[in-house]
Amino acid sequence: MNTESAWIPARGIQLRKAGVQFDAVRVDGDEGRALADRLALMTGGDPGPVVEEANGRRAVYFLVPVGSTSHRVWPDGVTRLTAGPHHISYIPVPALDGDTWPLSWRYRPSGCDRLVHTLLLRTALHSPE
């Protein structure tokens, strides 16, 4: 993968505006981590880019294609980070290496245009643990 991708910071953490390169789905705590791992099992270990937070809500961010979460019903506990009229969301993105605490990649990006497949994410959300 080209680590010089425009949306991955060279070091540290940066916020990326939703609706430009991607949107995100956030699921907090152990539920988000279990969801990421179920999705990885469904995709042969390459679910697309998933960021996790080590403190606070212990959020897990699934980076999905722009607009792919709209017009769908999402269960309680799922937060969509999108952009729209009079609404802006920002998504935290860590560098691939170095000091990025409290964020890290649970599953690293495997290609410049590779994102989490939204329908597979929804399937994983509704599949038994």
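Above this text sits the structure in question.
Residues numbered from 1 in each chain as written. Predicted model: local features only at pLDDT ≥ 70, side-chain atom pairs only at ≥ 80, totals over all residues. Heavy atoms only, no water.

**As for the overall build of the chain**
Logical step 1: Counting its regular elements, the chain contains two helices and seven strands.
Logical step 2: Each helix and strand of the chain, ordered N terminal to C terminal, gives the series β-β-α-β-β-β-β-β-α.
Logical step 3: Relative to the compact-globule value of 14 Å for 129 residues, the chain shows a C-alpha radius of gyration of 14 Å, a close match.
Logical step 4: Seen through its principal axes, the chain has C-alpha atoms that stretch 35 × 35 × 30 Å.
Logical step 5: Across the chain, the fraction of contacts at a sequence separation of at least 24, relative to all contacts at a separation of at least 6, is 81%.
Logical step 6: Carbon and sulfur atoms provide 50% of the accessible area of the chain, an area that totals close to 6,900 Å².
Logical step 7: When the 14 positive and 14 negative side-chain charges of the chain are each reduced to one mean point, those points stand 4 Å apart. (Helix = DSSP H or I, 4+ residues; strand = E, 2+ residues; numbered from the N terminus. Rg over C-alpha atoms; globule rule 2.2 N^0.38 Å. Contact = heavy atoms within 4.5 Å. Areas by Shrake-Rupley, 256 points an atom, 1.4 Å probe, with all protein chains shown as cover. Lys, Arg positive; Asp, Glu negative; His and termini not counted. Charge placed at Lys NZ, Arg CZ, Asp CG, Glu CD.)

**With respect to the pattern of salt bridges**
Logical step 1: On inspection of all chains with the given rule, the structure shows seven salt bridges.
Logical step 2: The salt bridge partner of R33 is E52, with a shortest N-O separation of 3.5 Å. Of this pair, R33 sits in helix 1 (residues 29-42) while E52 sits in strand 3 (residues 50-53), and the two are 19 residues apart along the sequence. E52 shares its class with R33; the two are buried.
Logical step 3: Salt-bridge contacts for R106 lead to D37; the nearest nitrogen and oxygen are separated by 2.8 Å. In this pair, R106 sits in strand 7 (residues 103-107) while D37 sits in helix 1, placing the two residues 69 residues apart along the sequence.
Logical step 4: Given a relative accessible area of 27%, R106 falls into the partly exposed group.
Logical step 5: If you follow the salt bridges from partner to partner, you end up with R33, D37, E52 and R106 in one network. (Salt bridge = Lys/Arg side-chain N within 4 Å of Asp/Glu carboxyl O. Buried < 20%, exposed > 50% of the residue type's maximum accessible area, 1.4 Å probe, protein only.)

**Brief notes about helix 1**
Logical step 1: Here helix 1 contains 14 residues, and its C-alpha end-to-end distance of 20 Å stays within 8% of the 20 Å for a straight helix at 1.5 Å per residue.
Logical step 2: The complete set of buried residues in helix 1 reads G29, G32, R33, L35, A36, R38, L39 and A40.
Logical step 3: Of the surrounding elements, those touching the buried residues of helix 1 are strand 2 (23-28), strand 3, strand 4 (59-64), strand 7 and helix 2 (118-126).
Logical step 4: One or two positions beyond helix 1, positive phi appears at G44, with a value near 65 degrees. (Expected span 1.5 Å × (residues − 1).)

**Concerning the packing of helix 1 against helix 2**
Logical step 1: One way to put it is that helix 1 packs onto helix 2 with a least axis distance of 9 Å and a crossing angle of 120 degrees. The angle between the axes of helix 1 and helix 2 places the two elements in the oblique class. Where helix 1 crosses over helix 2, the two elements pack in a sense that is right-handed. Side by side, helix 1 and helix 2 meet where L35, R38, L39 and M42 of the first sit next to L120, L121, T123, A124 and L125 of the second. (Axes fitted to C-alpha atoms, helices over the stretch in contact; angles between N-to-C directions. Parallel < 35°, antiparallel > 145°, perpendicular 65-115°, else oblique. Left-handed = near helix turned anticlockwise from the far one by under 90°.)

**Focus on the environment of D28**
Logical step 1: Along the polypeptide, D28 turns up in strand 2.
Logical step 2: Excluding its chain neighbours within four sequence positions, the residues that come into contact with D28 are R57, R58, A59 and G77.
Logical step 3: Separated by 3.0 Å, the side chains of D28 and R26 make a polar contact. (Polar contact = N/O pair within 3.5 Å; in protein donor to acceptor, adjacent residues only side chain to side chain.)

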